[in-house]
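So the chains spell out like this:
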Amino acid sequence: MNKYRTHNCDQLRKENNGENIILSGWINKKRDHGNLLFIDLRDNYGVTQCVIDKANSNFVKLEKIQLETVIKVEGKVIKRSNDSINKEINTGEIEVIIKNFYVLGKCKELPLPVFSNQEYAEEIRLKYRFLDLRRKKIHENIILRSKVISFIRNEMNKLGFLEFQTPILTSSSPEGARDFLVPSRLNPGKFYALPQAPQQFKQLVMVSGFDKYFQIAPCFRDEDARADRSPGEFYQLDMEMSFVEQEDVFKVVEKLFVNTFKKFSKKKLLFSEFPRISYKEAMLKYGSDKPDLRNPLIISDITEIFFSEDVSFEIFKKLVNSGSKVRCIVTKNTKDKPRSFFDNIDKWAKEQGASGLAYFTIEKENEVSARGPVGKFFSKKALEEIMSKTGAEVGDSIFMACAKNNDLEKITSLSREKIAKDLDLIDENTFAFCWIVDYPMFEIDEQTNKIKFSHNPFSMPQGEVDKIDFEKPLEILAYQYDIVCNGIELSSGAIRNHIPELMYKLFNIAGYSKNDVEQKFSGMINALSYGAPPHGGIAPGIDRIIMLLANEKNIREVTMFPMNQNAQDLLMNAPSEVSENQLKELNLSLKTKK
RNA sequence: GGGGGUGUAGCUCAGUUGGUUAGAGCGAUCGCCUGUCACGCGAUAGGUCGAGGGUUCGAGUCCCUUCACUCCCGCCA
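Caption draft 1: Representation of the pattern of salt bridges. Counted according to the given criterion, the structure contains 36 salt bridges. Across the pair Lys202 and Glu240 runs a salt bridge, and its minimum N-O distance is 3.3 Å. Here Lys202, found in helix H5 (residues 199–207), pairs with Glu240, found in strand E10 (residues 232–242); they are 38 residues apart in sequence, far enough to count as distant. Per residue, the accessibility class of Lys202 equals that of Glu240, and both read buried. Among the charged side chains, a salt-bridge network with shared partners connects Arg125, Arg129, Asp132, Arg135 and Glu557.

Next comes the structure, spelled out in C-alpha cells:
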C-alpha cells in the first residue's frame, strides 16, 4: 500500500472485481491486436494480465514499449468471461483494465529473452545474470535455496544448536586444498588465508564450552571447478557437538535431512534410517565410497574360482596368478538381451581404458551351462560356485573385470553405473542416503610408498586408546564418516581427536615430528591441552543439497552469482587488476605485467 | 597441467561428398489486426561463419595454430 502498488502481481482474484488498484512490475509479454493490447505484468510473486484498448490515449505509448520495462499501472480489476479464463496463472480469473501507466525503469533491447524456456550459453547468462535470474526456473531455484536455508536454521535452533560466525580472514593451513591468500597491509610480507572450512574454529568453539554449534559457513578453496563444484567458494552447514559418539551425530543429521527432503521434494526417501556401510564393504560391493544406492547392482569378488581347474579362461588365470583380482556384476534375467547389449558394454569398457568386460549368461537345459564368448571356459562346477557366491540364477548374466586394486575398483564402479543405466534400473524419483563409516586412518601413498593420513588427520582412531596397535597403522580405523545421497558425496565428518598425546603419535606415523605438529597446529594443540571435551561433527554441502532438491545437475543453477570455470565473475569483472598504489600499500610487486 | 565437446544474425539453431548471392524460428523496426494468454498476418533491417595462417580454381565446410565457453581427469585435509 504505497505509491507503487496496492497489490502484487499474484494477489488479485475475482473477489476484487471492480476495485481500482495499482500494480508495478516488469512487462513479461505483450500481445498486440492492433486495437487491443494485452500486457502480462510480472513481479517476484506472479503474473497479472493487463488490458488497454485504442480508446485510451496511452495505447500508442504502451504499444511501443520494450519488454522487461518496469512500469506502474493504475487500473480497474474486472472478472474475465468464462471462456477467457487462464488456468495457468493464479490471477487467471481477472484482468486489469489499464487507465494510466508510468515508466519506472526503461529497458534496452535484451541480450537474452527473459520470457522463454530455451537454454542459453553460460557466458551470456553469467554476464547478464540479473536478467537470467528473472527467468522462472532459476528464480524459483534461488527462492528454494533461501527457504531451505531458513528451514535448516530453524531446525538446528530447535535441536539446541547455537549459530556463530567465525573469522573470514584467518591463517593459511598446511593441509588440504590450495588457499586463497590476502596480503596484510599492517604486517608487510605476511598473508591471511580465507578459511577452507571453519574446522579449527568449530573445534575451538567446543573447547570453549558452547556444546552445540552450527553455521551456514562460506568456505574458500582454490581448486578447479566441476559441474557440482563452484570454483572458489561454497557453503557448508557446518556443525559440531560436544560429548557425542558417532551415532549421536548420525541421529541429528538423519532427522534434519529426512525433514528437509520431505518438506522440499516430492521424491521418495528410500531409507528413513540411512544404511551404514563400511568403507571396505563399499569399495568391494560398489567399487566406490560414494555409492548410488538407487542402483541395485552389486559387485562380487570371484577371484578364488580362477585358481581352480574348473575354469580354463587362461587370460584371466594368468593375470590372477600375477596378483590381479576378478570381480563381477550380475544382471537379473538378461538371457533374452540381444548380443549388441553385451557387446556395447564390453566396447564401452574398453573405451574407459579397461581390458574390457568378459561376460556370459547362465542357462540350463539338462545341466547348468554358460552362453557367450567366454562361456565355454567355465565348467558346471565353476558356474555353480559363482552362482552360490553371487546369488546369480539361471537366466542371469555375469560381467567380469580383471585388474589390480584401484583400477579394478574404478572399472567395476563405472560398469555398475553403465549397466544400470542401459538396463534402466535407477529410479529417478527416489533419494537414497547412506553413511560410509570405518575409514582407515592411514593409507599408502601410491607415489611415494609412504604412509599418509587417508582422510582428516584430526579424526579419532577407533578402539580403546591404550589398546591401539600403532605397529600396524594400516589396520587402524577412524571415527570418520561420509554421508552420500544418490552417488553424490554431501559431506565428510568425524569424531575428533581431542587428546594431544594421541595426536602426536598419529602424526608421527605419518612422518611429522612433535615439533612439526606444534608449529603447524599450535592454536589447536594448545587449546586441546586445557581441558577439551570429546567432540565431533560434520559439514554437509548446502549447494549440493539444493541441487538435489531442485533436481539440477549444475551448481550454477542454484547459485545466485556464480563464477565461470576459470573462476571469473563476468558480471562484476573479477578478478581484476589493481592500482600501483594499492600494491605499494601492501608491499607487493608483480613479476609479470601485461 | 592433460583429454573431449561447442563456437554461424541480438538469442536458439540448420547448413549434405568443398561449389554461385549463408538460411529458419524467436527478438528488433515498420505496417495490418478488439479477446489473446507461445495471439495472428505482411514487410524490412541485421553476418569478418570466434581469431590468425595454410591447402585449393573455389573454404562456414579440409589442415595447422590460437582464443573463449563447457564437460571430464589431475586437484578437492
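Caption draft 2: Here's a closer look at the nonpolar core. Among the nonpolar cores identified, the biggest contains 63 residues, and Leu237, Met239, Phe257, Phe433, Trp435 and Ile483 are the most heavily contacted of them. Top element by residues in this core is helix H6 (residues 246–264). It accounts for 9 residues. Not counting chain neighbours up to four residues away, the residues in contact with Leu237 comprise Ile152, Met156, Phe214, Gln215, Ile216, Leu256, Ile538, Ala539, Pro540 and Ile542. Membership of the second largest hydrophobic core comes to 25 residues, among which are Ile305, Phe316, Ala358 and Ile362.

Caption draft 3: Broad picture of the state of the cysteines. In the structure shown here, the tally under the stated rule is 0 disulfides. Here Cys107 is not disulfide-linked; the sulfur of Cys9 is the nearest cysteine sulfur, at 16 Å. You can call Cys107 partly exposed: its relative accessible area is 21%.

Caption draft 4: Layout of the side chain of Asp238. Looking at where Asp238 falls in the secondary structure, it is placed in strand E10. Residue class for Asp238 comes out buried when judged on its relative accessible area of 1%. Residues in contact with Asp238, not counting those within four places in the same chain, are Pro198, Lys202, Tyr213, Phe214, Gln215, Ala217, Ile538 and Ala539.

Caption draft 5: Just the sheet that holds strand E9 (residues 212–221), in detail. The 8 strands lie next to each other as E6-E9-E10-E24-E23-E22-E19-E12, forming an open sheet whose pairing is mixed. The open sheet has two edge strands with one neighbour each: strand E6 (162–163) and strand E12 (276–278). Direction of pairing for strand E22 (residues 480–485) relative to strand E23 (residues 488–495): antiparallel, over a ladder of 6 bridges. Bridging from a neighbouring strand, Asp482 pairs with Ser492 of E23. Taken strand by strand, helix H4 (residues 136–158) contacts E6, E9 and E10, and its axis lies near 145° from that of E9.

Caption draft 6: How the structure looks around the environment of Phe561. Positionally, Phe561 belongs in the loop between helix H15 (542–550) and helix H16 (580–585). You can call Phe561 partly exposed: its relative accessible area is 46%. In the structure, Phe561 is positioned 128 residues away from Phe433 in sequence and 29 Å away in space, judged by C-alpha atoms. Apart from residues no more than four positions distant in its own chain, Phe561 is found in contact with Arg129, Leu133 and Leu571.

Caption draft 7: Main features of the protein's contact with RNA strand B. For RNA strand B, the set of nearby residues contains 46 residues, the closest of which are Lys29, Asp32, Asn35, His455 and Asn566. Among atoms of RNA strand B positioned within 4 Å of the protein, sugar and phosphate together represent 54%. Within the side chain of Glu95, a nitrogen or oxygen atom sits 2.7 Å from a base nitrogen of RNA strand B. A distance of 3.0 Å separates a phosphate oxygen of RNA strand B from a polar side-chain atom of Asn564. Elements represented by at least two residues in the surface near RNA strand B include exactly strand E1 (20–32), strand E2 (36–42), strand E3 (47–53) and helix H2 (122–127).

Caption draft 8: Geometry of the layout of surface pockets. Empty space within the second largest pocket amounts to approximately 1300 Å³. Residue contributions to the lining of the second largest pocket peak at 6 residues, all from H4. Partitioning the lining of the second largest pocket into residue classes produces 10 nonpolar, 11 polar and 19 charged.

Reading the values: the criteria
- Residues numbered from 1 in each chain as written.
- Chains lettered and ligands numbered in written order.
- Predicted model: local features only at pLDDT ≥ 70, side-chain atom pairs only at ≥ 80, totals over all residues.
- Heavy atoms only, no water.
- Salt bridge = Lys/Arg side-chain N within 4 Å of Asp/Glu carboxyl O.
- Helix = DSSP H or I, 4+ residues; strand = E, 2+ residues; numbered from the N terminus.
- Buried < 20%, exposed > 50% of the residue type's maximum accessible area, 1.4 Å probe, protein only.
- Core = buried A, V, L, I, M, F, W, Y, C linked by side-chain atoms within 4.5 Å.
- Contact = heavy atoms within 4.5 Å.
- Disulfide = S-S within 2.5 Å.
- Pairing = 2+ DSSP bridges.
- Axes fitted to C-alpha atoms, helices over the stretch in contact; angles between N-to-C directions.
- Near = heavy atom within 4 Å.
- Polar contact = N/O pair within 3.5 Å; in protein donor to acceptor, adjacent residues only side chain to side chain.
- 1 Å grid on protein atoms, 1.4 Å probe; cavity = no way out; pocket = protein on both sides within 12 Å on 5 of 7 lines; lining within 4 Å.
- Points joined across faces, edges and corners; volume = space filled by probe spheres on them.
- Nonpolar A, V, L, I, M, F, W, Y, C, P; charged D, E, K, R; others polar.

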